[in-house]
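# Results of the structural survey
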Amino acid sequence: MTEALFLIDSYLKESSAKVVLVKDGKYVILNRTIFYPKGGGQPNDTGKIIKNLEAYNVMHVDKFSGEISHEVDHPELKAGDAVHCVLNWERRYKLMRSHTAAHVFASLLNKGTGALITGNQLEEDHVRFDFSLEKYDRTILEEYLAKANQLFATDVPVKWYELPREEALKIPGVVKMAHAFPPDLPILRIVEIVGVDKQADGGTHVKNLKEVGKIELIKTENKGKHNRRIYFKLN
Ligand SMILES: [Zn+2]
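To keep things clear, this report deals only with the structure shown in the data block. (Residues numbered from 1 in each chain as written. Predicted model: local features only at pLDDT ≥ 70, side-chain atom pairs only at ≥ 80, totals over all residues. Heavy atoms only, no water.)

## Quick look at the side chain of Ser-15
- One can find Ser-15 in strand β2 (residues 14-23).
- Discounting residues that sit within four places of it in the chain, Ser-15 has contacts with Leu-5, Arg-32, Ile-34, Val-83, His-84 and Cys-85. (Helix = DSSP H or I, 4+ residues; strand = E, 2+ residues; numbered from the N terminus. Contact = heavy atoms within 4.5 Å.)

## A look at the coordination of the zinc ion
- Looking at the zinc ion, one finds its protein donor set to be His-99 (NE2), His-103 (NE2) and Asp-201 (OD), positioned 2.0 to 2.1 Å from the metal centre.
- Spacing between the donor residues of the zinc ion along their common chain follows H-x3-H-x97-D. Note that His-103 is positioned in helix α2 (residues 89-113) and Asp-201 in the loop between β13 (197-200) and β14 (215-222), a separation of 98 residues in sequence. Comparing His-103 with Asp-201 shows no difference in burial state: the two are buried. (Donors = N, O, S within 2.8 Å, 3.2 Å for Na, K, Ca; no water. Buried < 20%, exposed > 50% of the residue type's maximum accessible area, 1.4 Å probe, protein only.)

## Let's talk about the packing of aromatic side chains
- Taken as a whole and assessed by the stated rule, the structure comprises six aromatic pairs.
- Judged by centre distance (6.1 Å) and plane angle (45 degrees), the ring pair of Tyr-11 and Trp-89 falls under tilted. With Tyr-11 in the loop between α1 (5-8) and β2 and Trp-89 in helix α2, this pair connects stretches of sequence that are 78 residues apart. Of the two residues, Tyr-11 and Trp-89, neither departs from the other in class, the shared state being buried.
- Centre to centre, the rings of Phe-105 and Phe-232 are 5.4 Å apart; their planes meet at 65 degrees, and the pair counts as edge-to-face. Here Phe-232 lies in strand β15 (residues 227-234) and Phe-105 lies in helix α2, a separation of 127 residues in the sequence. The same class applies to Phe-105 as to Phe-232, namely buried.
- Joined through ring pairs, the aromatic side chains of Tyr-11, Trp-89 and Tyr-93 make up one cluster. (Phe/Tyr/Trp six-rings, centres within 6.5 Å; stacked < 30°, edge-to-face > 60°.)

## Looking at the sheet that holds strand β11 (residues 158-164)
- In space, the three strands of this open sheet follow the order β11-β12-β13, with antiparallel pairing throughout. What marks the edges here is a single partner per strand, and that holds for β11 and β13. Ignoring strand direction, the axes of neighbouring strands in this sheet form an average angle of 25 degrees.
- Across four bridges, the pairing between strand β12 (residues 187-193) and β13 is antiparallel. From the neighbouring strand, Glu-192 faces β13, where its bridge partner is Lys-198. (Pairing = 2+ DSSP bridges. Axes fitted to C-alpha atoms, helices over the stretch in contact; angles between N-to-C directions.)

## Some words on the sheet that holds β14
- An order of β9-β10-β15-β14 is seen for the four strands of this open sheet, with the pairing classed as antiparallel. Strands at the two margins of the open sheet, each flanked by one partner only, are β9 (116-122) and β14. For this sheet, the mean angle separating the axes of adjacent strands, direction not counted, is 20 degrees.
- Against the sheet, α2 touches β9, β10 (127-132), β14 and β15, its axis set at about 170 degrees to β9.
- Packed onto the sheet, helix α3 (residues 138-152) meets β10, β14 and β15 and runs at close to 155 degrees relative to β14.

## Examining unusual backbone geometry
- A positive phi angle is found at Asp-24, which is not glycine, with a value near 50 degrees.
- Positionally, Asp-24 belongs in the loop between β2 and β3 (27-30).
- Positive phi outside glycine occurs at Leu-53, with the angle close to 70 degrees.
- Position of Leu-53 among the secondary structure elements: in the loop between β5 (47-51) and β6 (54-64).

## Topic: the pattern of salt bridges
- Under the counting rule described, the total for this entry stands at twelve salt bridges.
- Note that Arg-92 and Asp-45 form a salt bridge whose closest N and O atoms lie 2.8 Å from each other. Taken together, the residues span a long stretch of sequence, with Arg-92 in helix α2 and Asp-45 in the loop between β4 (32-33) and β5 at a distance of 47 residues.
- In this structure, Asp-130 engages Arg-229 in a salt bridge whose closest nitrogen and oxygen atoms are separated by 2.6 Å. Pair noted here: Asp-130 is in strand β10 and Arg-229 is in strand β15, with a separation of 99 residues, a long-range link. With respect to burial, Asp-130 and Arg-229 carry one shared label: buried.
- What you see here is one network of salt bridges that share partners, running through Lys-51, Lys-78 and Asp-81. (Salt bridge = Lys/Arg side-chain N within 4 Å of Asp/Glu carboxyl O.)

Here it is in structure tokens:
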């Protein structure tokens, strides 16, 4: 089983690793990895796996039967190779900022209006949210974005740690986002934005709300009866 270094330290930009297995010449399994695999509403990381000065571009990272698989752009890596991994940090850091921003926005909206988050997808340049809310009013959403921005101007730590499943599920609202529905595991990873939100979550986050910066509304959509959609981005 690959050691998921990004869950322990989301700020690791480089790491050494060993190739455990290569499938079809281009799907690489490592003993440990800094590359986040697509999942939970967060896109995969990209970057490079380097062996003896030769760089293999990491095009896609996914999870197949529990193993993290790195798709590289050309063959020749093989089991036993010692490699050095380098993240496309600019992309990852934006995704970390967006992911933490998404938790704050969801938490404020949910606490303030009772809205249920039904879908959520992060992209490198925007965040999309689907939620269920009876009353639809763009100014309400703008208000919650403004509230979120106020928080991003303050010094609020973000922490992540593990809890036994039973204990974790006692936290009110710990599963707020549809994407975050916790896998059937005895231990859950909790992302806590101190005083704001606690979520069962396997994503990568910044360690202080100050790092988010500011978010701005792109557009809102009314998708029928109670279904709403909002797009926002980092600015
Ligand atoms: Zn999340």
